[in-house]
Amino acid sequence: MKELNALLKKFFGYTSFRPDQEEIIQTILNKQDTLVLMPTGGGKSICYQLPAIYLPGTTIVISPLIALMKDQVESLVSNGIPAAALNSTMREEERQKVKQLCMQGKIKLLYLSPEGLMSELNGLFPRMEISLVAIDEAHCISHWGHDFRPEYTQLSILKKEYPSIPIVALTATADKLTRQDIISQLNLSSPRIFISSFDRPNLSLTVRRGLTKKDKLTAILHFIREHKEQCGIIYCTKRDDTTAVAETLTSYGITAAAYHAGMNAPLREKTQNDFTNDRIQVICATIAFGMGIDKSNVRWIIHYNTPGSIENYYQEIGRAGRDGLPGDTLLFYSLADLIVRRRFAEESGQTNINLEKLNSMQRYCEADICRRRILLSYFSEPYEKDCGNCDVCKNPPERFDGTVLVQKALSAIARTEESIGMQMLIDILRASGRAELTVKGYHLLKTYGAGRDLSYKMWREYIYQMIQLGYIEIDYSSSNILRITPFGRKVLYGQSTARLAIYKEPERMEKPSSKKDNKGGFKARPIRPVEAATIEETLLDALKQLRKQLAEKEKKAAYIIFSDAALHDMADKKPLTLENFGEIKGVGQIKQEKYGKVFVSLIRFILKKDSE
Ligand code: ADP
Ligand code: ZN
């Protein structure tokens, strides 16, 4: 085991394993088939990369996306681990070279797509020594999973052709059916199953509901201001919104770009590259921007629209904070989104499953209890305390006696004989003079104007709460009209009281007069750290500047040079010698040799300046 720890330090720069990693590795080294379920960012890769280094021969890694392979190979090579990919986009000459190296036993990890595997099964494989097969994103093999890929089903042949080579299948999708399906389709022989906790305590969870489009944008601008120079993803349902949001952000001096499946491939690739290399701070994307994103320093995720299921939501927010440092997530929830999602679900061919998933998502958004508890209970993981890192925990809602408000709303619904939707209800309460309203004679109702004292937004917020508290129900099957529940009738008739959470105004945001926030240009430049409040912050800023310059020089993503976590550790420990530098989290032998000098001298310089 000592030996494994030494390899972990030498090649990955970490001093300890995360929960489960060590046992998983032992199981694999014992040549037992293994199934690993770990959330995104949990640290799956090391589970097969370390055995690959340890075992004689080559480990085959099956991965669904070429972009993903490229990133992994680059990252391994930068840590001094001989790795390569074999795929259809490579020139024949290059492919031959890789194959040659494999046959000579000079490659420790070979990345292949499922199709690639099929074509090498009888050509290259018999001529090399294979120690292990790792199947990444293994849920792609299952119809039950949400990412089914037909090519993955061919992998069943592996166990038949090579029964003695152990297989490790890895995925971040947890449900039982998918799990069983992976095992049976891959013909795994009595595999050991590892299920890690799905908790990602470093991700903060926030839901905001019922904001208008304009308020949403304001909230987003505010959020990005608070996450200065930290990159993030904004997920939108519609392609048009990706472009519109990106344009708005750009007009505020933020570097942002849109990404969706309707864009041509070169442009998509360029956008993704720009994001990976920190040339773009914000990507506004549909879910087309997903699996290939292995960037460990995505610091935040915003859902511009409500996702269709908790699985999707969790996977998408999981792209933030993969390096273990804090990540912030913000989800906008609206009735309009819910209606669109219901239609998708109804047209999906799996109506019942998808409507049920949507209902769970809705309950999550509307809840007033710790959101992490809801998420983890959804994944069948017991979680008995409040997390302290979600909006509900941080701001337990302040409540007031809202009985009269509820009565006003319910009475208007009753007097229109349950035939109106949310907008009409608010218009009646606020005495709108809209033609549709007067034509129907609603201006003659007793409740007309009974809620004049509250703004439109306030009413909308309170009606949402009434829905959440179970006084009102939306009848989706009948043009989304509002209906009073039996529970609501009790409040209406004074047999029960209602407590509502106090409405809070969304924050405002002024357009900047100059665009000085806009970081253009990427020329090499002297490092001028900001004068921050603490030396650690100043140092961190300087280290980031250095990392960025190195990344540009080497044409690599910044996080391939060092993760954010590594820079934080440097700012914290302030290593002044090469030896101390080697003790930093994420600094293996190769990186110590390659970058130690420049980083140490920068740290010395900054500390010296600080003490002057
Ligand atoms: P996954 O594939 O499960 O989404 P990764 O394998 O990409 O996650 O790991 C996520 C991040 O965690 C990476 O930056 C990785 O270097 C880091 N990591 C993995 N194992 C450890 C460890 N034992 N100690 C510290 N960091 C680790
Ligand atoms: Zn919480």
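Keep in mind that what you see is a predicted model, and the values were worked out from it rather than measured.

Trainee: Residues and numbers for helix H9 (residues 176-185), please.
Mentor: Within H9, the full set of buried residues consists of Thr178, Arg179, Asp181, Ile182, Ile183 and Gln185. Asn187 sits one or two residues past H9 and shows a positive phi near 55 degrees.

Trainee: Outline the sheet that holds strand E10 (residues 256-259), listing residues and values.
Mentor: An order of E8-E13-E12-E9-E11-E10 is seen for the 6 strands of this open sheet, with the pairing classed as parallel. Two strands bound the open sheet, and with one partner strand each, they are strand E8 (203-209) and E10. When strand polarity is set aside, the average angle formed by the axes of neighbouring strands in this sheet is 15 degrees. Looking at chain direction, strand E9 (residues 232-235) and strand E11 (residues 282-285) are connected through 4 bridges and run parallel. Considered in E11, the bridge of Ile233 is made with Ile283. Strands E9, E10 and E11 of the sheet are contacted by helix H12 (residues 265-276), whose axis makes an angle of about 140 degrees with E10.

Trainee: Lay out the domain arrangement of the protein chain in plain terms, naming residues and giving numbers.
Mentor: Split by domain assignment, the protein chain resolves into domain 1 (2-195), domain 2 (203-394), domain 3 (399-501) and domain 4 (535-611). A C-alpha centroid distance of 57 Å is found between domain 1 and domain 3.

Trainee: Describe the site of ligand 1, naming the residues involved and giving the relevant values.
Mentor: The local shell around ligand 1 holds 14 residues, among which Tyr14, Ser16, Gly41, Ser45 and Arg322 are the closest. Measuring from an oxygen atom of ligand 1, one finds a backbone N or O atom of Gly43 at 3.1 Å. Here an oxygen atom of ligand 1 and a side-chain polar atom of Arg322 are 2.6 Å apart. For the shell around ligand 1, the residue count by class is 4 nonpolar, 7 polar and 3 charged.

Trainee: Break down helix H3 (residues 44-54) for me, with residues and values.
Mentor: Since the α-helix packs 3.6 residues into each turn, any two residues three or four apart lie on the same face. Counting buried positions over the 11 residues of H3 gives 9, a clear majority of the element. Turning to H3, its buried residues number three or more, namely Lys44, Ile46, Cys47, Tyr48, Gln49, Leu50, Pro51, Ala52 and Ile53.

Trainee: Quick rundown of the nonpolar core? Include the residues and the values.
Mentor: Core analysis: the largest hydrophobic core is formed by 73 residues, its most contacted members being Phe289, Tyr364, Leu425, Trp459, Met466 and Ile472. Split by domain, the residues of this core number at least three in each of domain 2 (203-394) and domain 3 (399-501). Not counting chain neighbours up to four residues away, the residues in contact with Tyr364 comprise Leu205, Val207, Ile310, Tyr313, Leu331, Arg371, Ile374 and Leu375.

Reading the values: the criteria
- Residues numbered from 1 in each chain as written.
- Chains lettered and ligands numbered in written order.
- Predicted model: local features only at pLDDT ≥ 70, side-chain atom pairs only at ≥ 80, totals over all residues.
- Heavy atoms only, no water.
- Buried < 20%, exposed > 50% of the residue type's maximum accessible area, 1.4 Å probe, protein only.
- Helix = DSSP H or I, 4+ residues; strand = E, 2+ residues; numbered from the N terminus.
- Pairing = 2+ DSSP bridges.
- Axes fitted to C-alpha atoms, helices over the stretch in contact; angles between N-to-C directions.
- Contact = heavy atoms within 4.5 Å.
- Domains from an automatic or database assignment.
- Near = heavy atom within 4 Å.
- Polar contact = N/O pair within 3.5 Å; in protein donor to acceptor, adjacent residues only side chain to side chain.
- Nonpolar A, V, L, I, M, F, W, Y, C, P; charged D, E, K, R; others polar.
- Core = buried A, V, L, I, M, F, W, Y, C linked by side-chain atoms within 4.5 Å.

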